[in-house]
Amino acid sequence: MSIRQNIENLKNELPETVKLVAVSKTKSVEEILEAYETGHRIFGENKAQELISKQPELPQDIQWHFIGHMQTNKVKYIAPFVSLIESVDSLKLLNEINKQANNIGRVIDCLLQFHIAEEETKFGLDFNEATGLLNSEEFQAMKNVRICGVMGMATFTEDTGQVRKEFYLLKEIFNRLKNKYFIEQESFKEISMGMSGDYKIAVEVGSTIVRIGSLIFGER
Ligand SMILES: *Cc1c(COP(=O)(O)O)cnc(C)c1O
């Protein structure tokens, strides 16, 4: 099926409250344009270098989500245009985002990435690390970042019960943080979970953002 058809099928299927991020990592500018031409505007990349090289070649009204592990020395290159950094996994990274956003007079929206999977390889905070970050004086002084919610990746497994359990854990983390830190901040509302293999479960559990690559663009 074509990229256009894949996007249209997904949009018909997803509830209106769930945002679709078309994950375009490893895909060409031409393939991304094919998706753009359906009217889709939100795209995701997981490598700073790749995003930096593709962004100038594509329409400027694309909303780029950064979804991968980022080194602090790359932040300044994506700060001018990135729409949402979904993968904040340390105070150090957040500090650098705040600094670069301040330099260019922006407030950059971010999600805190949580480690919810069994695999050790996935990046992300645990609950105590997140509260440590949010309680820190350093964070409380930041004026150029806005935390809009949480992101996580479930274990890559056929065991749907396991996946569902992990998504519930992320939702529980979201609820606890919302009540403790963000009750008055309306913009803290995003739970980014669900990929090509598990987005249906994620949506059932309460995802507000799904990040889908191979179901749109084909296998990488
Ligand atoms: C690659 C990637 C996705 C999309 O994966 P698919 O299985 O191709 O849908 C989603 N989230 C993150 C963080 C990724 O790196």
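All of these numbers come straight from a predicted model, not from anything done at the bench.

**Observations concerning the packing of helix 1 (residues 3-13) against helix 2 (residues 29-36)**
- Where helix 1 contacts helix 2, the two axes come as close as 8 Å, and the packing angle between them is 45°. Compared by their axis directions, helix 1 and helix 2 come out oblique. Pair helix 1 / helix 2 crosses with right-handed handedness. Where helix 1 abuts helix 2, its residues Ile 3, Arg 4 and Ile 7 lie against Glu 31, Glu 34 and Ala 35.
- Looking at the contact of helix 1 with helix 2, its residues break down into three nonpolar, no polar and three charged.

**What about the environment of Ile 201?**
- If you trace the backbone, Ile 201 turns up in helix 9 (residues 199-205).
- Judged by relative accessible area, Ile 201 falls into the buried class, the value being 11%.
- Ignoring sequence-local partners within four residues, the contact set of Ile 201 consists of Thr 160, Val 163, Arg 164 and Phe 167.

**Some points on the packing of helix 6 (residues 127-135) against helix 8 (residues 160-181)**
- Where helix 6 meets helix 8, the closest approach of the two axes is 12 Å, and the angle between their N-to-C directions is 25°. The angle between helix 6 and helix 8 places the two elements in the roughly parallel class. The handedness of the crossing between helix 6 and helix 8 comes out as right-handed. Of the residues in helix 8, those in contact with Phe 127, Thr 131, Leu 134 and Asn 135 of helix 6 are Ile 173, Arg 176, Leu 177 and Tyr 181.

**Here we look at unusual backbone geometry**
- A positive phi angle, near 70°, is found at Thr 26, a position not held by glycine.
- Within the secondary structure layout, Thr 26 lies in the loop between strand 1 (19-23) and helix 2.
- Given the relative accessible area of 53%, Thr 26 is considered exposed.

**What about the packing of aromatic side chains?**
- Following the criterion strictly, the structure yields four aromatic pairs and no others.
- Between the aromatic rings of Phe 43 and Trp 64, the centroid separation amounts to 6.1 Å while the plane-to-plane angle is 50°, which identifies the pairing as tilted. Within this pair, whereas Phe 43 is found in strand 2 (residues 42-45), its partner Trp 64 is found in strand 3 (residues 63-66), the two being separated by 21 residues in sequence.
- Accessibility expressed as a relative area gives 1% for Trp 64, which makes it buried.
- Measuring from ring centre to ring centre gives 6.3 Å for Tyr 181 and Phe 182, while their planes differ by 55°; the resulting arrangement is tilted.
- Taken together, Phe 174, Tyr 181, Phe 182 and Phe 188 form an aromatic cluster joined through their ring pairs.
- Arg 41 extends its terminal NZ or CZ atom over the ring of Tyr 36, reaching a point 3.6 Å from the ring centre.
- Here the basic side chain of Arg 176 rests over the ring of Phe 127, its NZ or CZ set 3.9 Å away from the ring centre.

About the thresholds
Residues numbered from 1 in each chain as written. Predicted model: local features only at pLDDT ≥ 70, side-chain atom pairs only at ≥ 80, totals over all residues. Heavy atoms only, no water. Axes fitted to C-alpha atoms, helices over the stretch in contact; angles between N-to-C directions. Helix = DSSP H or I, 4+ residues; strand = E, 2+ residues; numbered from the N terminus. Parallel < 35°, antiparallel > 145°, perpendicular 65-115°, else oblique. Left-handed = near helix turned anticlockwise from the far one by under 90°. Contact = heavy atoms within 4.5 Å. Nonpolar A, V, L, I, M, F, W, Y, C, P; charged D, E, K, R; others polar. Buried < 20%, exposed > 50% of the residue type's maximum accessible area, 1.4 Å probe, protein only. Phe/Tyr/Trp six-rings, centres within 6.5 Å; stacked < 30°, edge-to-face > 60°. Lys NZ or Arg CZ within 6 Å of the ring centre and 35° of its normal.

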